[in-house]
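Architecture at a glance
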Amino acid sequence: MSKENKGLHVVFTGAPGCGKGTQARILKQKIDICHLSTGEMLRDEAKKDTPLGRDLKAALDRGEFATDEMIIQMVSSRIDEDDCKSGFILDGFPRTLPQAEILEVILKEKNIVLDRVVEIQVPDEIIMERILGRYSCMCCGQGYHDKFQKPKVYGVCDVCGGTEFSRRQDDNRTTVKNRLINYRSLTYPTIPYFEKKGLLTCVDGTGTIEATGDKIAVVLGLSEK
Ligand code: AMP
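Residues numbered from 1 in each chain as written. Predicted model: local features only at pLDDT ≥ 70, side-chain atom pairs only at ≥ 80, totals over all residues. Heavy atoms only, no water.

Before going further, it helps to examine the overall build of the chain. Tallying secondary structure elements over the chain gives nine helices and eight strands in all. Seen through its principal axes, the chain has C-alpha atoms that stretch 55 × 45 × 35 Å. Of all 225 residues assigned to the chain, the portion counted as buried reaches 44%. Excluding contacts between residues fewer than 6 apart, the proportion of contacts in the chain whose partners are at least 24 apart in sequence is 70%. (Helix = DSSP H or I, 4+ residues; strand = E, 2+ residues; numbered from the N terminus. Buried < 20%, exposed > 50% of the residue type's maximum accessible area, 1.4 Å probe, protein only. Contact = heavy atoms within 4.5 Å.)

Listed below in structure tokens is the structure:
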């Protein structure tokens, strides 16, 4: 069957802290496609002083998922926006089996073919250390880590020169434990689902950001081995 839609359409999946967001940002810079992070969309919504915003904030702070209905609605309309016309990376979606099943229906309706699902694999011990040390520039969003990725000049963002940084509220030990439990029980079933469809490729995410990025580029046919 010929591919009618243009651009690359991929899902980045894996446990919280595996590097999905970081790798999605790198890929976006490389090939200029839309980075669609449901976590970021929800954090924006949770900042609003509305009943939905307050409920969402409470759920995210506990490491609980947003409802499938809400997420599906959000993603489906976001995909229709102009910046997704040249392709997209779904980061953090689908996160449950019903989301994965509905994604298939949505993409079919929109005549979009999903090219690949990349699972970034990182063991839990490494994940905890990564998440508890990460923070980002409040001005441009560039990510850093207390141990693995410090700014070149202490307190100054390498990218935009910003001097204010923040940590995600859900990046604390208790919430991360909960997020890992939810990942295993709710998200992990999507892995065999995509494997059966022949769409899954697993990538070792324990190396450096660059090394993992290189592996992903090979998997997506953007560079040679
Ligand atoms: P992330 O930025 O991908 O780590 O997502 C942060 C939080 O947003 C997660 O811990 C969930 O509570 C929520 N979230 C993100 N994506 C989804 C999704 N597809 N379905 C349900 N909840 C989500």
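After that view, the rundown keeps rolling.
The strand order across the open sheet formed by five strands is β2-β3-β1-β4-β8, and the pairing between neighbours is parallel. Only two strands of the sheet have a single partner each, and these edge strands are β2 (34–37) and β8 (200–204). Direction aside, neighbouring strands of the sheet carry axes that sit 20° apart on average. Sheet analysis places strand β1 (residues 8–13) next to strand β4 (residues 116–121), joined by four bridges and oriented parallel. Bridge pairing in β4 places T13 opposite E119. (Pairing = 2+ DSSP bridges. Axes fitted to C-alpha atoms, helices over the stretch in contact; angles between N-to-C directions.)

Glancing now at the site of the ligand. Near the ligand there are 16 residues, and of these T38, R43, E64, G92 and Q99 occur at the shortest range. Between the ligand and the protein, one listed contact pairs a nitrogen atom with a side-chain N or O atom of T38 at 2.8 Å. One nitrogen or oxygen atom from the side chain of R43 is found 2.9 Å from an oxygen atom belonging to the ligand. In terms of residues, the shell around the ligand owes the most to one element, helix α2 (residues 38–46), which gives four residues. Taken together, the residues of the shell around the ligand sort by class into six nonpolar, four polar and six charged. (Near = heavy atom within 4 Å. Polar contact = N/O pair within 3.5 Å; in protein donor to acceptor, adjacent residues only side chain to side chain. Nonpolar A, V, L, I, M, F, W, Y, C, P; charged D, E, K, R; others polar.)

Position of Y193 among the secondary structure elements: in helix α8 (residues 190–196). Sequence spacing of Y193 and D68 is 125 residues, and the spatial spacing of their C-alpha atoms is 17 Å. Beyond its immediate stretch of four places on either side in the chain, Y193 contacts L97, A100, E101 and E104. Separated by 2.8 Å, the side chains of Y193 and E104 make a polar contact.

Summarising the element assignment, T38 is placed in helix α2. Once you skip the residues sitting within four places of it in the chain, T38 turns out to touch I71, M74, V75, D91, G92, F93 and R95.

Any aromatic ring pair is given by two values, namely how distant the centres are and how the planes are angled relative to each other. Tallied over the entire structure, the rule returns four aromatic pairs. With 5.6 Å between their ring centres and 80° between their planes, Y135 and F165 make a pair best called edge-to-face. Within this pair, whereas Y135 is found in strand β5 (residues 134–137), its partner F165 is found in strand β7 (residues 165–166), the two being separated by 30 residues in sequence. F165 sits in the partly exposed class, given a relative accessible area of 24%. Measuring from centroid to centroid gives 5.2 Å for Y193 and F194, while their planes differ by 75°, and the two rings are edge-to-face. (Phe/Tyr/Trp six-rings, centres within 6.5 Å; stacked < 30°, edge-to-face > 60°.)

Looking now at the nonpolar core. In this structure, F12, L42, F88, L90, L114 and F194 are the most contacted members of the largest nonpolar core, which totals 52 residues. In terms of residue count, the dominant contributor to this core is helix α4 (residues 68–79) (six residues). Discounting residues that sit within four places of it in the chain, L90 has contacts with V10, V11, F12, L36, V75 and L103. (Core = buried A, V, L, I, M, F, W, Y, C linked by side-chain atoms within 4.5 Å.)

Attention shifts here to the pairing of β5. Here β5 pairs with strand β6 (residues 143–145) via three bridges, running antiparallel. Bridge assignment links Y135 to a residue of β6, and that residue is Y144. Linking β5 back to β6 in an antiparallel pair, the connection comprises five residues, with G141 at a positive phi of about 85°. The pairing of β5 with β7 spans two bridges and is classified as antiparallel. Bridge pairing links C137 to F165 in β7.

Time to look at the domain arrangement of the chain. Looking at the chain, the domain boundaries give domain 1 (8–122 + 173–219) and domain 2 (134–170). The gap between the C-alpha centroids of domain 1 and domain 2 is 22 Å. Taken together, the contact between domain 1 and domain 2 spans nine residues of the former and five residues of the latter. Between domain 1 and domain 2 lies a buried interface of about 610 Å² when both sides are counted; carbon and sulfur atoms form 34% of it. Sorting the residues of domain 1 by area buried against domain 2 places R43, D61 and R179 first, and these three jointly supply 53% of that buried surface. There are one salt bridge connecting domain 1 and domain 2. In this structure, D170 and R179 form a salt bridge, with 3.7 Å as the shortest nitrogen-oxygen distance. Linking domain 1 with domain 2 are two residue pairs in polar contact (both at pLDDT 80 or more), by the criterion used here. Here the side of domain 1 that touches domain 2 is built from residues that sort into three nonpolar, two polar and four charged. (Domains from an automatic or database assignment. Buried area = accessible area lost by both parts, 1.4 Å probe. Salt bridge = Lys/Arg side-chain N within 4 Å of Asp/Glu carboxyl O.)

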